[in-house]
Amino acid sequence: MSTANIENTVELNHNRKSEISKGLLYLMIGTLLFSIKGIFIKLSYQYSVTPTQLMTIRMLIALPIYAWVLRKCYLKSSYTQISS
């Protein structure tokens, strides 16, 4: 096995570990936010917020996240330009 192959294997293992670490971090953040959601809902009902208002606020908070994901997916996809 050549030195270049070993370096490529080490680099691939490092990238894989990095991706796994990133995934675990996202998992923990998502779990934390999901569990805190119920607390915020109970607190909001103390201020006489209707369910419709609460859902609107939730959707407005989530909108930038979905826009970011959509933008990232759009930029990642490879569109070929047809030249005339």
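Residues numbered from 1 in each chain as written. Predicted model: local features only at pLDDT ≥ 70, side-chain atom pairs only at ≥ 80, totals over all residues. Heavy atoms only, no water.

Regarding the overall build of the protein
Now for step 1: Looking only at helices and strands, the protein features two helices and zero strands.
Now for step 2: The buried share of the protein, taken over its 84 residues, is 4%.
Now for step 3: Carbon and sulfur atoms form 67% of the exposed surface of the protein, whose accessible area is close to 8300 Å². (Helix = DSSP H or I, 4+ residues; strand = E, 2+ residues; numbered from the N terminus. Buried < 20%, exposed > 50% of the residue type's maximum accessible area, 1.4 Å probe, protein only. Areas by Shrake-Rupley, 256 points an atom, 1.4 Å probe, with all protein chains shown as cover.)

Overview of helix α2 (residues 51–76)
Now for step 1: With 26 residues, α2 extends 37 Å between its outermost C-alpha atoms, agreeing within 8% with the 38 Å of an ideal straight helix rising 1.5 Å per residue.
Now for step 2: Maximum bend of α2: about 30°, positioned at A62, with proline P64 one to four residues after it.
Now for step 3: The buried fraction of α2 is low, at two of 26 residues. (Expected span 1.5 Å × (residues − 1). Bend = angle between axes of the 7 residues up to and from the residue.)

Brief notes about the side chain of S44
Now for step 1: For S44, the location among the structural elements is in helix α1 (residues 3–45).
Now for step 2: In this structure S44 touches V49 and L54, once residues within four positions along its chain are discounted. (Contact = heavy atoms within 4.5 Å.)

Some thoughts on unusual backbone geometry
Now for step 1: Unlike most non-glycine residues, S48 shows phi in positive territory, near 50°.
Now for step 2: Tracing the sequence through the fold places S48 in the loop between α1 and α2.

Looking at a nonpolar patch on the surface
Now for step 1: On the surface, a nonpolar cluster with roughly 820 Å² of combined accessible area is contributed by I20, L24, L25, Y26, L27, M28, I29 and L33.
Now for step 2: When you line up the elements, L33 lands in helix α1. (Patch = residues over 30% accessible without salt bridge, like charges linked within 9 Å, V, L, I, M, F, W, Y side chains within 5 Å. Salt bridge = Lys/Arg side-chain N within 4 Å of Asp/Glu carboxyl O.)

Quick word on the pattern of salt bridges
Now for step 1: Throughout the structure, instances matching the rule amount to one salt bridge.
Now for step 2: Between K22 and E19 there is a salt bridge, with its nearest N and O atoms 3.9 Å apart. Placement of the pair is K22 and E19 together in helix α1, with a separation of three residues, close to one helical turn.

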